[in-house]
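# An overview of the molecular structure
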Amino acid sequence: MKRILLAVTGGIAAYKAIDLTSKLTQAGFDVRVMLTDHAQEFVTPLAFQAIGRNPVYTSTFIEQNPQEIQHVALGDWADAIIVAPATANTIAKLANGIADDMVTSTLLATETPKFIAPAMNVHMYENKRTQHNLVTLSSDGYYFLEPGEGFLACGYVAKGRMEEPLQIVERIKQYFNDIKQKAVPASSSFIGKHVLITAGPTVEELDPVRFLSNRSSGKIGYVLAESLAKRGAEVTLVSGPTHLTPPKHVDVVHVQSAEEMFEAVRSRFAKQDIVFKAAAVSDYAPVEMLDHKLKKQDGTLSVEFKRTPDILKYLGEHKESQYLVGFAAETQNIEAYAQKKLHNKNADVIIANNVGDRTIGFSSDDNDYTMYYKNGDAIPLGKHKKVELAEHILNSLETRWQ
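Residues numbered from 1 in each chain as written. Predicted model: local features only at pLDDT ≥ 70, side-chain atom pairs only at ≥ 80, totals over all residues. Heavy atoms only, no water.

## Quick word on the confidence of the model for the protein chain
Chain-level statistics for the protein chain give a pLDDT mean of 89 and a share of 94% at 70 or above. At the low end of the mean pLDDT range in the protein chain sits strand β8 (residues 157-161), at 72; at the high end sits strand β14 (residues 274-277), at 98. (pLDDT = per-residue confidence, 0-100. Helix = DSSP H or I, 4+ residues; strand = E, 2+ residues; numbered from the N terminus.)

## Remarks on the sheet that holds strand β17 (residues 323-330)
Ordered in space as β13-β12-β9-β14-β17-β18-β19-β20, the eight strands form an open sheet in which the pairing is mixed. One side of each edge strand has no neighbouring strand; the edge strands of this open sheet are β13 (251-254) and β20 (378-385). Within the sheet, the average angular offset between the axes of one strand and its neighbour, ignoring direction, is 15°. Looking at chain direction, β17 and strand β18 (residues 349-354) are connected through six bridges and run parallel. What sits directly across from G326, in β18, is I350. (Pairing = 2+ DSSP bridges. Axes fitted to C-alpha atoms, helices over the stretch in contact; angles between N-to-C directions.)

## Structural notes on the packing of helix α4 (residues 88-95) against helix α7 (residues 128-139)
Any two packed helices are characterised by the angle at which their axes cross and by the distance between the axes. Interaxial distance between α4 and α7 falls to 9 Å at its minimum, and their mutual angle equals 50°. What the angle tells us is that α4 and α7 run oblique. Both α4 and α7 take part in a crossing whose hand is left-handed. Here A88, I91, A92, L94 and A95 of α4 come into contact with α7, specifically with T130, N133, L134, T136 and L137. Residue composition of the contact of α4 with α7, grouped by class: seven nonpolar, three polar and no charged. (Parallel < 35°, antiparallel > 145°, perpendicular 65-115°, else oblique. Left-handed = near helix turned anticlockwise from the far one by under 90°. Contact = heavy atoms within 4.5 Å. Nonpolar A, V, L, I, M, F, W, Y, C, P; charged D, E, K, R; others polar.)

In structure tokens form, the structure reads like this:
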């Protein structure tokens, strides 16, 4: 699912942005909306929230998530940003690098592709300064959604009407189709294949304060998802809690517990061609999740645990034509445990690493994997950055997985 950030500025055509939000959502886009103060003179945040089913952003000084800088994170989140309507004032500010509100701050802080849908009086549009600003933005890489001719709010019948929402949606869809065709290697065996990846840790709650988890950062799952999307795969990423920015062009499903991850994977498994089970799933969970904080007491404390679902084993038992890639994070006897897991879980390949080495794995940007295939091949990948290891893993699988 592609992610669209819609920036609405203060012109009468702002009412069209409500329809645009609806049409983008119906077309399968995940839409978030930003409104300038002047836009809110014409439309309300609630209208966009009701249609887009997402938060609406109105100020750089209201941080909804204290773990991120909102106007930076939004730009990173989006696959494309649309400014519709784009007033002459906003166009001028963008052309001159002014960042004095949520919209201009976000656009200045991102390299995400940006589309501008001008809407204004015909004389404002044709003014030499406005045209100069449009040329400046075009040279900076902005895309333009040409305004149409028709009846304007000022009473003129002329050019200056914001492009119709349906036409904007078609242009955005065409844009994504074009870049996908250009970006995908013609020889990739992953083109059009459905791939599911699990990533990150799971969290098993003991009480409202405490939980059982692990040190997994989710980095290898996230870079694998991004690399597979670039190779033309239709990727679903089932992620436990992480601080990572979701990769672009990937459908992300957020979960907390091992049970939630199991259900998310199980319900999608039948439609997959390949599954990478890269998440570090808790093997045990407390039998009881307490409603209130467990108070400390004298002596020792015993907590009863139950086994969580073995996701990889379930997939191995139920796979039909799916290709199953598992991961093994070990501290000793790496090859022996990897080979045992390969056999017991009915996987096609196990990617193993030594997490006893504190210089690699978990929160590190580096790792050192060996791939153990069902046919007996063992392919050492060596120590690399995880983003490089993702490419090495996929290069090894390109001609093998089918």
